[in-house]
Amino acid sequence: MRKKIVAGNWKMNTLPAEGVELAQGVVAKSAEVCDCVNFIVCPPFTHLAQVAEALKGSKVELGAQNCAAEAKGAYTGEVAASMIAALGCKYVILGHSERRQYYGETSETLNKKMEQAYANGLTPIYCVGENLDEREAGNHFAVCKAQIEEVVFNLTEEQFKNLVIAYEPVWAIGTGKTATAEQAQEIHAYIREVLAAKFGELAAECPILYGGSCKPSNAAEIFAKEDVDGGLIGGAALKAEDFIAIGKGFMA
Ligand code: PGA
């Protein structure tokens, strides 16, 4: 049985007090959803500690949105994986398309970040996905395959057992355009096939989340697909009610 996960990527939103309030709302409402659904919130670095406090004793887990490629030292402005782990993070989002696109993250950087995440006991939520031109040219399979081969294929089996993948088509992120449930299933199944080529039966255990304009009205249909194990949620994660309603998609 694969884990069912609904993870909230808050991106660069909320001030500390707002983040705490949002986290408290998520904790309160999470009781409405069966324990089989794992909720994760990923606030900005600045309020990880306060949100960790708000999540204490609840089933909602904490993640960060990024970590540095190096362990420590003279890297002004960077935040090490050891630091976010010390604040109570269990997860870290790596390779989000916004990081790849705006901050030039390459597979080379991401290999180092993955290494740092594992060295500090974090589970990476590794993002892959094609942009609109790549989708229209029919290259989405090749793009996702390369993003997996160049990074995930460097993991050991032990590391792979602690990995979450998020498929996020760039054309669906923050655009209100969602992939259809069929499009999601098609590529999730393909991603699992690519993973199986390297990790064999372990690929069946790897949670693969869908991300891109996922909301309460479309979550149930997408999550019903065999190879979709949950969602990585941006905009709709900023309202506790919507975020939890997405989790209820598993109970529909
Ligand atoms: P969105 O973002 O839900 O706002 O489209 C998803 C993401 O980027 O993780």
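Residues numbered from 1 in each chain as written. Predicted model: local features only at pLDDT ≥ 70, side-chain atom pairs only at ≥ 80, totals over all residues. Heavy atoms only, no water.

> Talk me through the sheet that holds strand β6 (residues 164–167); I want residue IDs and the actual numbers.
An order of β1-β2-β3-β4-β5-β6-β7-β8 is seen for the eight strands of this closed barrel, with the pairing classed as parallel. Across the sheet, the mean angle from the axis of one strand to that of its neighbour is 25°, orientation sign disregarded. Of the pairings in the sheet, the one linking strand β3 (residues 61–64) to strand β4 (residues 91–94) comprises two bridges and is parallel in character. Across the sheet, the residue bridging to Ala64 is Val92, located in β4. In the packing of helix α11 (residues 240–247) onto the sheet, contacts are made with β1 (4–9), β2 (37–42) and β8 (230–233), and the angle to β2 comes to roughly 145°. (Pairing = 2+ DSSP bridges. Helix = DSSP H or I, 4+ residues; strand = E, 2+ residues; numbered from the N terminus. Axes fitted to C-alpha atoms, helices over the stretch in contact; angles between N-to-C directions. Contact = heavy atoms within 4.5 Å.)

> Tell me about the pattern of salt bridges, residues and numbers included.
For side chains bearing opposite charge, pairing can occur when the charged atoms are close. Under the counting rule described, the total for this entry stands at 15 salt bridges. Between Glu70 and Lys112 there is a salt bridge, with the nearest N and O atoms lying 2.8 Å from each other. On the criterion of sequence distance, the pair formed by Glu70 in the loop between β3 and α3 (81–86) and Lys112 in helix α5 (residues 107–119) is long-range, its members being 42 residues apart. Taking relative accessible area as the criterion, Glu70 reaches 26% and is therefore assigned partly exposed. In this structure, the salt-bridge partner of Glu130 is Arg135, at a minimum N-O distance of 2.9 Å. Several salt bridges share partner residues, and in doing so they unite Arg2, Arg192, Asp227 and Asp229 into one network. (Salt bridge = Lys/Arg side-chain N within 4 Å of Asp/Glu carboxyl O. Buried < 20%, exposed > 50% of the residue type's maximum accessible area, 1.4 Å probe, protein only.)

> Summarise the environment of Ala179; cite the residues concerned and give the values.
With respect to the secondary-structure elements, Ala179 resides in the loop between β6 and α9 (181–199). Sequence separation of Ala179 and Ile93 is 86 residues, and the distance between their C-alpha atoms is 21 Å. Among residues more than four places away in sequence, those in contact with Ala179 are Pro169, Trp171, Ala172, Tyr210 and Ile222.

> For the environment of Glu53, give the residues involved together with the corresponding values.
Residue placement: Glu53 occurs in helix α2 (residues 48–55). In this structure, the C-alpha to C-alpha distance between Glu53 and Leu87, residues 34 residues apart in sequence, is 9.4 Å.

> For unusual backbone geometry, give the residues involved together with the corresponding values.
At Lys11, a residue that is not glycine, the phi angle is positive and equals roughly 55°. Following the sequence through the fold, Lys11 ends up in the loop between β1 and α1 (16–30). One non-glycine residue, Thr14, adopts positive backbone phi at about 80°. Taking relative accessible area as the criterion, Thr14 reaches 22% and is therefore assigned partly exposed.

> Now, about the nonpolar core: what can you tell me, with residues and values included?
In terms of nonpolar packing, the biggest core is built from 69 residues, with Val152, Ile165, Ile191 and Leu195 touching the most fellow members. A total of eight residues in this core trace back to one element, the largest contributor, which is α9. Beyond its immediate chain neighbours, meaning those up to four positions away, Ile191 contacts Val128, Cys144, Ile148, Ile165, Tyr167 and Ile208. Membership of the second largest hydrophobic core comes to twelve residues, among which are Tyr91, Cys127, Val164 and Ala166. (Core = buried A, V, L, I, M, F, W, Y, C linked by side-chain atoms within 4.5 Å.)

> Account for the state of the cysteines, with residues named and values stated.
Under the definition given, this model contains one disulfide. The residue that forms a disulfide with Cys34 is Cys36, at a sulfur-sulfur distance of 2.0 Å. Look at Cys36 and you get partly exposed, because its relative accessible area is 37%. Cys89 provides the cysteine sulfur closest to Cys67, a residue in no disulfide bond, and the two sulfurs are 10.0 Å apart. Since its relative accessible area comes to 1%, Cys67 is described here as buried. No disulfide involves Cys206; its nearest neighbouring cysteine sulfur is the one of Cys127, lying 12 Å away. (Disulfide = S-S within 2.5 Å.)

> Account for the pairing of β3, naming residues and giving values.
Regular strands place their side chains on alternate faces of the sheet. In this sheet, β3 lies alongside β2 in parallel orientation, the contact comprising two bridges. In the sheet register, Ile40 faces β3, and the bridge partner there is Glu61. Regarding the hand of the β-α-β motif, the stretch spanning β2, α2 and β3 is right-handed. Once you follow β3 into α3 and on to β4, the crossover reads as right-handed. (Right-handed = clockwise from strand over helix to strand, strands pointing away.)

> Tell me about the site of the ligand, residues and numbers included.
Taken together, 13 residues sit near the ligand, with Lys11, His96, Glu168, Gly174 and Ser213 positioned nearest. Here an oxygen atom of the ligand sits 2.6 Å away from a polar atom, N or O, in the main chain of Gly174. The backbone of Gly234 places a nitrogen or oxygen atom 2.9 Å from an oxygen atom of the ligand. Within the complex, 95% of the 280 Å² of free accessible area of the ligand lies under protein. Looking at the shell around the ligand residue by residue, the class counts come to four nonpolar, seven polar and two charged. (Near = heavy atom within 4 Å. Polar contact = N/O pair within 3.5 Å; in protein donor to acceptor, adjacent residues only side chain to side chain. Areas by Shrake-Rupley, 256 points an atom, 1.4 Å probe, with all protein chains shown as cover. Nonpolar A, V, L, I, M, F, W, Y, C, P; charged D, E, K, R; others polar.)

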